[in-house]
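Residues per chain, in single letters:
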Amino acid sequence: MKRNRKKADTTINQTKRKFMLMSVISMFIVLFIIFLILDLSIISVFVYSGWSNLNAVEENSGVVSAKDTSPFNDANVLDFLTNGTKSEYIYVSFSEKTNTTYISTNLDQTYSRKNMLEMAEILKGLKQKRGIYGRFMYSVRDYEGGYSVSIIDMSNGYVLILTITIASAIIFVFSMLLSALFSHLLSKWAIQPAQEALTRQKRFVSDASHELKTPLAVIQSSAEVLENEVGKNKWIDNIQAQSKTMNAMIYDLLDLAKLDETSDSVEFQEFNLSEAVMDKCLEFEAMAFEAGKKLEENIPENIKYVGNESLIKQMVGTLVDNAIKHSDKNGSIRVTLMTSAGKKIIQVFNTGAGFKESEKELIFERFYRSDQSRNRETGGYGLGLSIAKSIVDLHGGTISCDGEEGKWISFTAEL
């Protein structure tokens, strides 16, 4: 079975996402502030106009004419914001001396006389003499021999504010969608130079690695011929040792370059993951035995997985090799395979120096080597874990490390 797995470069994708996220967040903040100020301004004008209208009704004892003006450009005090939001008012006064009730309103039979009297009684009974009650602004004034209740019905203004708020929300959402779309389009343009640079870098690594193989092969063969002619000496041994190390590094670089170049289309098929992991562990038993270290396997039988068997074996081999080289003297290495929530989990544990917490995010970086392994006694140039991570990424999985400095370390690959 063949399956294409397309893997966009992680760094480029992360940069694109960050660019889009920052653009959208910036637009969100700007639009939110603009619409918030706009809505608050309208509400402020609406409330201020309402109080002004209420004062006009109260001061004029319910007789409001066009001569009464508001603070807004000498407009009619009962007309504010737009002509369609004319304030409707009720003015009720009661004289105990004459036992008469006076009502003035412009509600055009919206309320009956009984309704208006009941409303006035309710508002008069409130603790606050001036305030907002439901959709009404009211003011109660007591005077000798009676009282008055002034009421402004703000229903029209509430409808206006609700309409403006809904319109603002629609415009806000539409603007955010446009912002996200333009951010997505612009991110491709903004990231293109970095993407091209990364492509050139990958091509350079691949080309340079191939080009270095030939002169290195000549150096190795020349060292062997020289050894045959003059015999063994430390200078020739140094040449052979360093060329061997460089040869291993070149092959690691070629592996990375190959993974980068072939990540768009790799052959995947179902295979026995249990057997693959066990076979790779068996290859390292002799190496562990010679180093005086204990290699244990905890691998259930017949766990199947769909992926590239060769690459998975390479990843397991890299982790086991790393564990043997960096475990302490007479240390233990344990390889575990398990399944959890549909995922296949491969864990390689070893006792040893572990790592610092600050190194956790760097340990899979190319050419990174922890302070404990700066010397070349263990071999390698910090590329093995990078190769393992690239293989896991190619399979759509994740790899992580955990440990305690000076005691143990483990690598866990979830596929």
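Rules of the game
- Residues numbered from 1 in each chain as written.
- Predicted model: local features only at pLDDT ≥ 70, side-chain atom pairs only at ≥ 80, totals over all residues.
- Heavy atoms only, no water.
- Helix = DSSP H or I, 4+ residues; strand = E, 2+ residues; numbered from the N terminus.
- Buried < 20%, exposed > 50% of the residue type's maximum accessible area, 1.4 Å probe, protein only.
- Polar contact = N/O pair within 3.5 Å; in protein donor to acceptor, adjacent residues only side chain to side chain.
- Contact = heavy atoms within 4.5 Å.
- Patch = residues over 30% accessible without salt bridge, like charges linked within 9 Å, V, L, I, M, F, W, Y side chains within 5 Å.
- Areas by Shrake-Rupley, 256 points an atom, 1.4 Å probe, with all protein chains shown as cover.
- Salt bridge = Lys/Arg side-chain N within 4 Å of Asp/Glu carboxyl O.
- Pairing = 2+ DSSP bridges.
- Phe/Tyr/Trp six-rings, centres within 6.5 Å; stacked < 30°, edge-to-face > 60°.
- Axes fitted to C-alpha atoms, helices over the stretch in contact; angles between N-to-C directions.
- Lys, Arg positive; Asp, Glu negative; His and termini not counted.

Help me out: how do you make sense of the side chain of Asn-308 in this one?
Positionally, Asn-308 belongs in the loop between β8 (304–307) and α7 (309–326). The buried category is assigned to Asn-308, whose relative accessible area is 16%. For Asn-308, the side chain forms a polar contact with the main-chain nitrogen of Ser-310, separated by 3.3 Å. Sequence-distant contacts of Asn-308, defined by excluding residues within four places in its chain, comprise Val-266, Glu-267, Phe-268, Phe-271 and His-395.

What exactly am I supposed to notice about a nonpolar patch on the surface here?
A contiguous nonpolar patch, built from Leu-21, Ile-25, Phe-28, Ile-29, Phe-32, Ile-33, Leu-36, Ile-37, Leu-40 and Ile-43 and spanning about 880 Å² of accessible area, is present on the exposed surface. Along the polypeptide, Leu-36 turns up in helix α1 (residues 10–59). A residue is classified by how much of its surface remains accessible, and Leu-36, at 40% relative accessible area, is partly exposed.

I keep staring at the pairing of strand β9 (residues 332–340) and nothing clicks. Help me out?
Residues in a regular strand project their side chains so that they alternate between the two faces of the sheet. With 5 bridges connecting them, strand β7 (residues 294–298) and β9 associate as parallel partners. Looking across to β9, one finds that Glu-297 is bridged to Val-335. Two strands pair when backbone bridges link them, and β9 and strand β10 (residues 343–351) are joined in this way by 8 bridges, in the antiparallel orientation. From the neighbouring strand, Ser-340 faces β10, where its bridge partner is Lys-343.

Quick question: what am I supposed to make of helix α8 (residues 384–394) here?
Of all 11 residues in α8, 8 are buried, a share of seventy percent or more. Among the residues of α8, those classed as buried are Leu-385, Ser-386, Ile-387, Ala-388, Ser-390, Ile-391, Val-392 and Leu-394.

Is there a simple way to explain the environment of Gln-240 in this structure?
When you line up the elements, Gln-240 lands in helix α4 (residues 234–261). Among the residues examined, Gln-240 registers a relative accessible area of 22% and is labelled partly exposed. Residues Gln-240 and Ser-221 lie 19 residues apart in sequence; the distance between their C-alpha atoms is 9.3 Å. Ignoring any residue separated from it by four or fewer positions in sequence, one finds Gln-240 in contact with Ala-223, Glu-224 and Glu-227.

Is there a simple way to explain the packing of aromatic side chains in this structure?
For any pair of aromatic rings, the description rests on two quantities: the centre-to-centre distance and the angle between the ring planes. Using the criterion set out here, one finds 7 aromatic pairs in the structure. Summarising the aromatic geometry, the rings of Phe-94 and Tyr-147 are spaced 5.9 Å apart at their centres and angled 35° between planes, so their arrangement reads as tilted. Residue Phe-94 is found in strand β1 (residues 88–95), and its partner Tyr-147 is found in strand β5 (residues 146–153); the two are separated by 53 residues along the sequence. Assessed through its relative accessible area of 10%, Tyr-147 is described here as buried.

Hey, could you run me through the sheet that holds β1 in this one?
Whenever strands of a sheet pair, they do so through backbone hydrogen bonds, lying parallel or antiparallel. Spatial strand order, β2-β1-β5-β4-β3: 5 strands in an open sheet with antiparallel pairing. Bordering the open sheet on either side are β2 (100–105) and β3 (130–133), each of which pairs with just one other strand. If you compare each strand with its neighbour and ignore which way they point, the axes differ by 15° on average. By the bridge criterion, 4 bridges tie β3 to strand β4 (residues 136–143) in an arrangement that is antiparallel.

Looking at this structure, I do not really get the side chain of Lys-293. What am I missing?
Secondary-structure assignment places Lys-293 in the loop between α6 (285–290) and β7. One buried charged residue, Lys-293, remains without a salt bridge, the closest side chain of opposite sign being Asp-328 at 6.6 Å. At 2.5 Å, the side chain of Lys-293 forms a polar contact with the backbone oxygen of Ile-324. At 3.1 Å, the side chain of Lys-293 and the backbone oxygen of Ser-327 are in polar contact. If near-sequence neighbours (up to four positions away) are discounted, Lys-293 is found in contact with Ala-288, Ile-324, Lys-325, Ser-327, Asp-328, Asn-330, Gly-331 and Ile-333.

That's the geometry; what it means functionally is another story.
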